[in-house]
Amino acid sequence: MDRPDNSTAPLGFLTRPLRLTLTGLWAERLWRAFWPLWSVLAGTLAALAFGLQDILPLEVAWSGLILAGLAVLGTALNGLRGFRRPTRADALIRMDARLPGQPIAAMTDTQALGTDDPASLAIWQAHRARMAARAAKARAVQPDLNLSSRDPFALRYVAATALVMALIFGSLWRITSVQTLAPGAGVPVATGPTWEGWAQPPAYTGKPTLYLNELADTRLDLPRGTRLQFRLYGEVGEMTLAETVSNRTEVPPASDPAHDFIVEQAGQVTIDGPGGRTWEIGLIADLPPTVTPSDKLARESDGKLKQDFTASDDFGVVAGQVTIALDLPQVERIFGRTIEPEAREPVVLDLPMPNKGNRSAFTETLVDDLSQHPFANLPVTMTFQVSDAAGQTGGAEPLQVILPGRGFFDPLAAALIEQRQALLWNRANAPLVSQILKAVTWKPEGFIRNERAYLRLRVVMRDLEDSAASLTPEKRDAMAEELWQIALLVEEGDLASKLEALRRAQDRLDEAIKNGASPEEIDKLMQEMQQALNDYMQELAEEAERNPDSQMSQNMDGMQMSGDQLQQMLDELKKLMEEGRTAEAQELMEMLRQLMENMQVVQGEGGQGQGQGSPGQQAMRDLQDTLRNQQGLSDDAFRDLQDGQEGNEGQQDGQQGQDGQQGQNGQQQGQQGQGGDQEGQDGRSLAERQQDLRNRLGQLQDGPLPGDGSEQGEAGRQELDRAGRAMEQAEEALRDGDLPQALDRQAEAMEAMREGMQQLGEALAEQQRQPGDAQPGQEFGQADPRGQRDPLGREPGESARIGSDRNMLQGDDVYRRAQDLLDEIRKRSGEQLRPQGERDYLRRLLDLF
């Protein structure tokens, strides 16, 4: 069977895919044959655009150009030798190879035998029709441009990358400088910029880099320290640059092709030559930073200093320090401070800087503990200083303050701290300190209660007496540290070490919970924390027995948290970890941590406090009872709202069943709980109970309240007035049967009462601190046998907490019960059949808790 010429075959329907395939063959064969040529040309252009011909010696530049020309010629000849022009037949063969049965080839065939046989002709025509149908599905074949086998080192990509980098960072105009390499070359025709310039401000200013060729203004205001870069093109000497802004002592030749300098002063920059420019350079003022400390230095309960300060700078503050020096003229020169002090370096503290945000203007708080420093509790000067990125500094006037230090209330501890300070003042005080310590420890029975403290003090006294004549600074500092530890031991007993051990155990367990430790590790850490907790609680009890006048001993009488309940919290924590509820375990861990932090021994300052049975205390207790009753009334109203909705659901079910009368009964029963006049357990309606609470609150407001006449007292009364108005609105809503509205107003009343009680509690605490208002030795809530303090040692009105005063730790599984309540609230808040008012109330509950 002979195959005729493809050009005569009836393949007109393949014209478009055939042309595309043929075009792809051209691209494929050109790419494969001439890719070395493209690579050499791209690499050469990249080198010229980067200006290598201007940098290299003339001989080297000429050698490179000759090698590049030879490479271009060689790769072009090699490509021509290996290139084969694609034809229409090649395109048909490639398309036919992608089709099953090669239908295009079959379409070009002719019948060799049986041309006179009708049956044979019919079979042949059917075969051609089938092949034509297959050929009609032909599509254009994509060219194969993959050169991995021909270019295993990816040289084509290297050349392409170099060319792209040259287009971005170089200049194609530099290619024209090749003409200058020819001997006797004339002046080149200017086809591009004859110079380029950039102004790059310092990074800390946040200002962008300027391309000077695109700026039409001849006046430029730049920050000091801006970097100016210029590139001069063309024949050397044709373009020159002059400037008066860098203040340089060694100025390069004005005809240099590259200039790079820093703006230090206002002046002028001039480029002379074809297309030259002149700029007047002005300086943007960079003012030094400023810092302003607060006039009031705060002291925290543990003796840490707390100083607010405000800093600002036009481009941002980068660092700051405060220098604390002894203000010797202000020191009261008595006792051990009558002699001159030993020279000491001032204390230098780094100021805290914002971790994020703008540092142009900010306010921060310096917090540090200098209780053990020799300057503690002495007059000092605090000098604040800040700096910016330009190296400029700014400071504030020295602040004269008393450097805060930890307070010691035990007489022996206070005496030890005083002698420690005298020893640190000057080593010459060593004999005097030794004599005073001997006097303090004479007849220690009944005065020094801690035997360990007494023994350690005796060792210090012996060492001090032996080395008083030749006391070195190292020995002095070691004795001062020991006196500090003894004073802590006297002040706190063993509470400090036991509390620190408990904190370490809590931190380790908390970290293990966060990191997902194994159950064995969690169990071990739980045992360690439980042992530390037992030791701490035992020490608390012993300290309360030793110091009956301490605040802890007074709180122990009203303590509502028992050892069994603490053990219940630990068991619940272990159970949550076993169940994999790590988030709830961390919340319970934080609750336990806060409980332990608040249960600390705090010695009464001066024995001053509010006497038992004072009017202020009684008023706070009455307000607490009113708040508790209001909470109970709100709970009853919410239960009535729930009962009413359940009755409505019963009505709908009854109307759909066979007994419609039962559905109506369910409706009537449900509606009975929706009115505000429903009778409670005492036979009185909710509205009447609300009226009684409002009247009771009014009576309390008419009587004496803590802080009368003070700012806090007036603020508390205003909050109580707001609570009274909310109660009145709740009463009206109850009488109208609008329970959702009543619940909203009751919640507002309780919130206002809590805010008012907090204000009044602070006013009462302020009265407690004022001398002459109480009998010596009495503390707020001391003789109340019913325990007016909560488990965290807080007085009524000072906590402003959400909820009632009832003990919420009763029951076998209180935390599971609390979780069940939250789950039920979430479930009901998502039920669309419930009224919108009830669902809104449930969502507000979820927001609160």
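Just so it is clear, the model here is predicted, and its values are computed rather than measured.

A. Molecular detail of the overall build of the chain. Each helix and strand in the chain was counted, giving 23 helices and 17 strands. By residue count, 39% of the 849 residues in the chain fall in the buried class. Contacts in the chain between residues far apart in sequence, at least 24 positions, make up 72% of those at least 6 positions apart. Counting only carbon and sulfur atoms, one obtains 51% of the accessible surface of the chain, whose full area is about 46,400 Å².

B. Structural view of the packing of helix 9 (residues 430-440) against helix 10 (residues 451-466). Closest axis-to-axis distance for the helix 9/helix 10 pair is 10 Å, and the angle between their directions is 145°. Judged by the twist between their axes, the crossing of helix 9 over helix 10 is left-handed. The residues of helix 10 that touch helix 9, namely those facing Ala430, Val433, Ser434, Leu437 and Lys438, are Leu457, Met461, Leu464 and Glu465. In terms of residue class, the contact of helix 9 with helix 10 is built from six nonpolar, one polar and two charged.

C. Seen up close, helix 9. If you check which residues of helix 9 are buried, you get Ala430, Val433, Ser434, Leu437 and Val440. When helix 9 is viewed along its axis, its buried side chains cluster within an angular range of 125° and face the same direction. Residues of helix 9 that are exposed and point more than 90 degrees away from the buried face comprise Gln435 and Ala439. Residues of helix 9 that are buried make contact with helix 8 (411-425) and helix 10.

D. Spatial organisation of the sheet that holds strand 1 (residues 195-200). Strand order in the open sheet formed by four strands is 2-1-4-6, and the pairing between neighbours is antiparallel. Each edge of the open sheet is held by one strand with a lone partner, namely strand 2 (210-211) and strand 6 (258-262). As defined by bridge partners, strand 1 adjoins strand 4 (residues 227-232) across six bridges and the pair is classed as antiparallel. Paired with glutamine 200 across the bridge in strand 4 is arginine 227.

E. Focus on the pairing of strand 13 (residues 347-350). Where burial is concerned, the two faces of strand 13 differ: the one with Val347 and Leu349 is buried and the one with Val348 and Asp350 is not. Pairing geometry for strand 12 (residues 317-326) and strand 13, over four bridges, is antiparallel. Residue pairing for strand 13: valine 322 is matched across the bridge by leucine 349.

F. Spatial organisation of the sheet that holds strand 8 (residues 278-284). Reading across the sheet, the four strands line up as 3-8-7-5 and stay open at both edges, with mixed pairing between neighbours. Looking at the sheet topology across the chains shown, the edges are occupied by strand 3 (219-223) and strand 5 (240-243). Sheet twist, expressed as the mean angle between neighbouring strand axes with direction ignored, is 25°.

G. Quick look at a negative patch on the surface. A cluster of acidic residues, Glu728, Glu732, Asp736 and Asp738, forms a negative patch on the protein surface. By the secondary structure assignment, glutamate 732 is in helix 20 (residues 711-736). Among the residues examined, glutamate 732 registers a relative accessible area of 46% and is labelled partly exposed.

H. Inspection of unusual backbone geometry at higher detail. Even without being glycine, alanine 154 reaches a positive phi, approximately 55°. With respect to the secondary-structure elements, alanine 154 resides in the loop between helix 6 (118-135) and helix 7 (155-169). A positive phi is found at asparagine 247, a non-glycine position, where the angle reads about 60°. Within the secondary structure, asparagine 247 sits in the loop between strand 5 and strand 6.

I. Local environment of the nonpolar core. In this structure, Phe408, Leu416, Leu423, Leu437, Leu457, Leu464 and Ile486 are the most contacted members of the largest nonpolar core, which totals 26 residues. Broken down by element, the residue count for this core peaks at eight residues, all from helix 11 (residues 473-492). Ignoring any residue separated from it by four or fewer positions in sequence, one finds isoleucine 486 in contact with Leu416, Ala453, Arg456, Leu457 and Val460. In this structure, Leu305, Leu351, Leu366 and Phe384 belong to the second largest nonpolar core, which totals 24 residues.

J. Quick peek at the packing of helix 19 (residues 686-702) against helix 20. At a closest axis distance of 9 Å, the pairing of helix 19 and helix 20 adopts a crossing angle of 165°. As far as their axial angle goes, helix 20 and helix 19 are roughly antiparallel. Along this stretch, helix 19 crosses helix 20, giving a crossing that reads as left-handed. Taking contact as the criterion, the partners of Leu686, Ala687, Gln690, Gln691, Leu693, Arg694, Leu697 and Gln701 in helix 19 are, on helix 20, Arg717, Leu720, Asp721, Ala723, Gly724, Met727, Glu728, Ala730, Glu731, Leu734 and Arg735. Along the lines of polarity and charge, the residues of the contact of helix 19 with helix 20 split into nine nonpolar, four polar and six charged.

K. A look at the pattern of salt bridges. In total, this model carries 23 salt bridges according to the counting rule given. In this structure, aspartate 625 engages arginine 628 in a salt bridge whose closest nitrogen and oxygen atoms are separated by 2.7 Å. Of the two residues, aspartate 625 and arginine 628 are both situated in helix 17 (residues 615-656); the distance of three residues between them amounts to about one turn of the helix. Classification of aspartate 625 as partly exposed rests on a relative accessible area of 33%. Here arginine 628 falls in the partly exposed class, since its relative accessible area comes to 28%. Residues joined in a network through salt bridges with shared partners are Glu28, Arg32, Arg94 and Asp144.

L. Seen up close, a nonpolar patch on the surface. Taken together, the side chains of Phe50, Leu52, Ile55, Leu56, Val60, Val164, Met165, Leu167, Ile168, Phe169 and Leu172 define a hydrophobic patch exposed on the protein surface, amounting to about 1,000 Å² of accessible area. Take the nonpolar patch: its biggest share by element is five residues, from helix 7. Relative to the helices and strands, phenylalanine 50 is located in the loop between helix 1 (15-49) and helix 2 (52-55). In this structure phenylalanine 50 comes out as partly exposed when scored by relative accessible area, which is 34%.

M. Geometry of the side chain of serine 246. When you line up the elements, serine 246 lands in the loop between strand 5 and strand 6. For serine 246, a relative accessible area of 6% corresponds to the buried category. A distance of 2.6 Å separates the side chain of serine 246 from the side chain of glutamate 243, its partner in a polar contact. A distance of 2.9 Å separates a polar atom in the side chain of serine 246 from a polar atom in the side chain of arginine 248. The contacts of serine 246, once residues within four sequence positions are left out, are Phe261, Ile262 and Glu264.

N. Layout of the packing of aromatic side chains. By the definition in use, this model includes 10 aromatic pairs. Consider the rings of phenylalanine 34 and tryptophan 38, whose centres lie 6.2 Å apart with planes at 45°: the pair is tilted. Pair noted here: phenylalanine 34 and tryptophan 38 are both in helix 1, with a separation of four residues, about one helical turn. For phenylalanine 34, a relative accessible area of 9% translates into the label buried. Overall, tryptophan 38 belongs to the partly exposed group, its relative accessible area being 40%.

Rules and cut-offs
Residues numbered from 1 in each chain as written. Predicted model: local features only at pLDDT ≥ 70, side-chain atom pairs only at ≥ 80, totals over all residues. Heavy atoms only, no water. Helix = DSSP H or I, 4+ residues; strand = E, 2+ residues; numbered from the N terminus. Buried < 20%, exposed > 50% of the residue type's maximum accessible area, 1.4 Å probe, protein only. Contact = heavy atoms within 4.5 Å. Areas by Shrake-Rupley, 256 points an atom, 1.4 Å probe, with all protein chains shown as cover. Axes fitted to C-alpha atoms, helices over the stretch in contact; angles between N-to-C directions. Left-handed = near helix turned anticlockwise from the far one by under 90°. Nonpolar A, V, L, I, M, F, W, Y, C, P; charged D, E, K, R; others polar. Arc of directions from axis to C-beta. Pairing = 2+ DSSP bridges. Patch = residues over 30% accessible without salt bridge, like charges linked within 9 Å, V, L, I, M, F, W, Y side chains within 5 Å. Salt bridge = Lys/Arg side-chain N within 4 Å of Asp/Glu carboxyl O. Lys, Arg positive; Asp, Glu negative; His and termini not counted. Charge placed at Lys NZ, Arg CZ, Asp CG, Glu CD. Core = buried A, V, L, I, M, F, W, Y, C linked by side-chain atoms within 4.5 Å. Parallel < 35°, antiparallel > 145°, perpendicular 65-115°, else oblique. Polar contact = N/O pair within 3.5 Å; in protein donor to acceptor, adjacent residues only side chain to side chain. Phe/Tyr/Trp six-rings, centres within 6.5 Å; stacked < 30°, edge-to-face > 60°.

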